[in-house]
Amino acid sequence: NAGVMQNPRHLVRRRGQEARLRCSPMKGHSHVYWYRQLPEEGLKFMVYLQKENIIDESGMPKERFSAEFPKEGPSILRIQQVVRGDSAAYFCASSPPRTSGRTDTQYFGPGTRLTVL
Amino acid sequence: QKEVEQDPGPLSVPEGAIVSLNCTYSNSAFQYFMWYRQYSRKGPELLMYTYSSGNKEDGRFTAQVDKSSKYISLFIRDSQPSDSATYLCAMSSGGYQKVTFGTGTKLQVIP
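Below, the structure is looked at part by part.

## Quick notes on the packing of aromatic side chains
Applying the stated criterion to the full structure yields 11 aromatic pairs over all chains. Pairing A:Y35 with A:F108 gives two aromatic rings, centres 5.4 Å apart and planes at 45°, and the pair type is tilted. Here A:Y35, found in strand β4 (residues 31–37), pairs with A:F108, found in strand β10 (residues 107–108); they are 73 residues apart in sequence, far enough to count as distant. No difference in accessibility class separates A:Y35 from A:F108, as the two residues are buried. Both rings, one in B:Y32 and one in B:Y51, keep their centres 4.9 Å apart while their planes meet at 45°; by these two values the pair is tilted. Pair noted here: B:Y32 is in strand β4 (residues 32–38) and B:Y51 is in strand β5 (residues 45–51), with a separation of 19 residues, a long-range link. Judged by its relative accessible area of 16%, B:Y32 falls in the buried class. We classify B:Y51 as partly exposed; its relative accessible area is 48%. An aromatic cluster is built from A:Y35, A:F45, A:F108, B:Y36 and B:F101, whose rings are joined through pairwise contacts.

## Brief notes about the interface of chain B and chain A
Contacts between the two partners involve 19 residues from chain B and, on the opposite side, 27 residues from chain A. At the boundary of chain B with chain A, total buried surface from both sides reaches about 1,800 Å², with 56% on carbon and sulfur atoms. By the criterion of area lost to chain A, the three top residues of chain B are B:R41, B:Y96 and B:K98, representing 39% of everything that side buries. Put simply, chain B and chain A have zero salt bridges between them. Put simply, chain B and chain A have four residue pairs in polar contact (both at pLDDT 80 or more) between them. Within the residue set of the side of chain B that touches chain A, elements represented by two or more residues are β4 and β5 of chain B. No other element matches β4(B), which puts four residues into the side of chain B that touches chain A.

Scoring rules and cut-offs
- Residues numbered from 1 in each chain as written.
- Chains lettered and ligands numbered in written order.
- Predicted model: local features only at pLDDT ≥ 70, side-chain atom pairs only at ≥ 80, totals over all residues.
- Heavy atoms only, no water.
- Phe/Tyr/Trp six-rings, centres within 6.5 Å; stacked < 30°, edge-to-face > 60°.
- Helix = DSSP H or I, 4+ residues; strand = E, 2+ residues; numbered from the N terminus.
- Buried < 20%, exposed > 50% of the residue type's maximum accessible area, 1.4 Å probe, protein only.
- Contact = heavy atoms within 4.5 Å.
- Buried area = accessible area lost by both parts, 1.4 Å probe.
- Salt bridge = Lys/Arg side-chain N within 4 Å of Asp/Glu carboxyl O.
- Polar contact = N/O pair within 3.5 Å; in protein donor to acceptor, adjacent residues only side chain to side chain.

In structure tokens:
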């Protein structure tokens, strides 16, 4: 059973460009979370999505950031007009369905390291 | 004040030592408590998971939760060089809720 997959693993963008980060949850998982980790800091929650729905986006910056989880395909975190301060590691996590009884458990992917030049 | 406080270390111990890692928190709504291990430039890996107060043991790892003091601990017995990593405490208020992380404690186990 493949784990959470993220791509690309490394992404370099110049200021003003767009960054698109992709996340495929574990098989059978339909709950996806995005976190950001800045150097020497812990992971900060950004957004929680289910298929075609944003459930909690309380951690998302109000501008330039958006996320989606379509019916088909991976979840996408999009950052428009990137700035140097966006440089960080972005992690995706997924949770199993309610029937598993472990809705509180989140499994993390390897992350995408974004560098803004 | 941060919701979750964790000493960043670094913590350096000799192989075979008992390691104690701790976090304090301020949000009384937290019910689920986790410890993740993160190797350099990798994603966090779930180590231990505890619901509410109490102890949980898994091999060389023991997690303790004291909700009355808002204090959680992770003990590692017979530490190994392969345990060298950053350990993140994490907690949430329920299933399908965001997880709040500590900043992580960097551990180095010296052979």
